[in-house]
Amino acid sequence: MIRRAWAALALAACCAGAADAPRRSGFDDMSPATQALQRDDAANPGMLGVLEGQALWTQPAGSKQQSCVGCHGELATSMRGTAARYPAFDAASQRPIALQQRIAQCRSQRQGVAGESAANLLALETAVAHASRGLPVAPPQDERLKDARAQGAALFKQRLGQLDLSCAHCHDERAGLRLGGSLIPQGHANGYPIYRLQWQSLGGLQRRLRNCLTGVRAEPWPADAPQWVALELYLMQRAAGMTIETPGVRP
């Protein structure tokens, strides 16, 4: 019944797909008021995460009492362009890792931080990604990422959950249409971490993907499972050339 209801809504909205439509950031589909909120750093609530991350960057931490700035220098310059190139291949673990995982690795191994909080990691990720705001997404063309990126593309197109839907069904085929009164975006990852008005908080891409899985009545993968990174690899390739907006604001 649920599946038939979804199909009826989609068909009622439009019979044609939108897979070949020009790429659009989620920003372009927002109301003027929400767009203004993202544009204005003094009003954008995601900037609180940036400021928190910038403060953490300069603070000595862990058993080694080492700060991020002590190794990397000023965040705004040393991290410029970093977020545009993640996920990347990690030679130590021999697998792709996302930006937040790299930060967690550095905090643990270089600073001796034990049990870093999720809130601190999100703030640092937001601050580092913000340093690349305005730059184009530029996924690394590393052959070692090829298999994981292909896995991400397959997951994007794989039917999941009780609703038997894939990411592509919504964000490729029906992007720009409406479902339950809400506009379906193309689902690009160029604004993350984002402040989502529905959440009333800042969140990373994995949180949004987890929401999508539960939305189609699928069981989410465990936190930091390789599937999340594979999907992010594909999404960043899909968004290649689009402008990084972090911190984005979304409905």
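Here the structure is a predicted model, which is why all the values come from computation and not from measurement.

This part covers the nonpolar core. Ranked by size, the top nonpolar core spans 27 residues in total, and within it Phe156 and Trp221 carry the most contacts. Broken down by secondary-structure element, the contributors of at least two residues to this core are helix H8 (146-157), helix H9 (167-173), helix H10 (205-215) and helix H11 (226-238). Setting aside chain neighbours within four positions, we find tryptophan 221 in contact with Leu155, Arg210, Leu213, Gln227, Trp228 and Leu231. With 17 residues, the next largest nonpolar core counts Leu75, Met79, Ala83 and Leu99 among its residues.

Across its 13 residues, helix H7 (residues 118-130) extends 18 Å between first and last C-alpha, which sits within 8% of the 18 Å expected from 1.5 Å per residue. The element H7 is extensively covered by neighbouring structure, given that 11 of its 13 residues are classed as buried. Turning to H7, its buried residues number three or more, namely Asn120, Leu121, Leu122, Ala123, Leu124, Glu125, Thr126, Ala127, Val128, Ala129 and His130. Packed against the buried residues of H7 are helix H3 (47-58), helix H5 (75-78), helix H6 (99-111) and strand E6 (201-203).

Bringing unusual backbone geometry into the picture now. Of note, the amide linkage connecting tyrosine 86 to proline 87 takes the cis form, showing an omega dihedral of 0°. For proline 87, the position within the fold is in the loop between H5 and strand E1 (88-90). Residue proline 247 follows threonine 246 across a cis peptide bond; omega there is 0°. Structurally, the position occupied by proline 247 is in the loop between H11 and strand E7 (248-250). In this structure, glutamine 94 takes a positive phi of about 60° despite not being glycine. Among the structural elements, glutamine 94 can be located in the loop between E1 and strand E2 (95-97). A relative accessible area of 56% means that glutamine 94 is categorised as exposed. Despite not being glycine, arginine 217 has its phi angle at roughly 65°, a positive value. Since its relative accessible area comes to 45%, arginine 217 is described here as partly exposed.

If you check H8, its first and last C-alpha atoms are 17 Å apart, about what 12 residues at 1.5 Å a residue would give, namely 16 Å. Along H8, the positions that sit buried rather than exposed are Ala148, Arg149, Gly152, Ala153, Leu155 and Phe156. Within H8, the buried residues cover an arc of 160° as seen down the axis, which keeps them to one side. For H8, exposure combined with an orientation more than 90 degrees from the buried face picks out Lys146, Asp147 and Lys157.

This brings us to the sheet that holds E6. Across the sheet, which stays open at both edges, the three strands sit in the order E6-E5-E7 with mixed pairing between neighbours. Since the sheet does not close on itself, it has two edges, and those belong to E6 and E7, each with one partner. Across this sheet, the average inter-strand angle for adjacent strands is 35°, counted without regard to direction. Sheet topology note: the strand E5 (residues 194-196)/E7 ladder contains three bridges and is parallel. The partner of isoleucine 194 across the bridge, within E7, is glycine 248. Each of E5 and E6 touches H10; the most contacted strand, E6, lies at about 95° to it.

Reading the values: rules and limits
Note that residues are indexed from 1 along each chain, following the sequence as it is written. Thresholds applied to this predicted model are a pLDDT of at least 70 for local features of residues and 80 or more for the giving and counting of side-chain atom pairs; totals over whole chains, interfaces and linings are not thresholded and use all residues. Hydrogens are left out, water is left out, and the side-chain values use all remaining heavy atoms of the structure. Throughout, nonpolar core names a set of buried Ala, Val, Leu, Ile, Met, Phe, Trp, Tyr and Cys residues whose side chains join them through atoms within 4.5 Å. Burial classification: accessible surface area is computed with a 1.4 Å probe over protein chains only, and a residue below 20% of its type maximum counts as buried, one above 50% as exposed, and the rest as partly exposed. Elements are defined by DSSP. Helices are runs of H or I of four residues or more, strands are runs of E of two residues or more, and each kind is numbered from the N terminus. The contact rule is simple, with two residues in contact once any of their heavy atoms fall within 4.5 Å. A helix is expected to span 1.5 Å multiplied by its residue count minus one. The arc under discussion is defined with respect to the helix axis, by the directions toward the C-beta atoms. If DSSP finds at least two bridges between two strands, the strands pair. Where helices are involved, their axes are fitted lines through C-alpha atoms of the stretch in contact, as for all axes, and angles between N-to-C directions lie from 0 to 180°.

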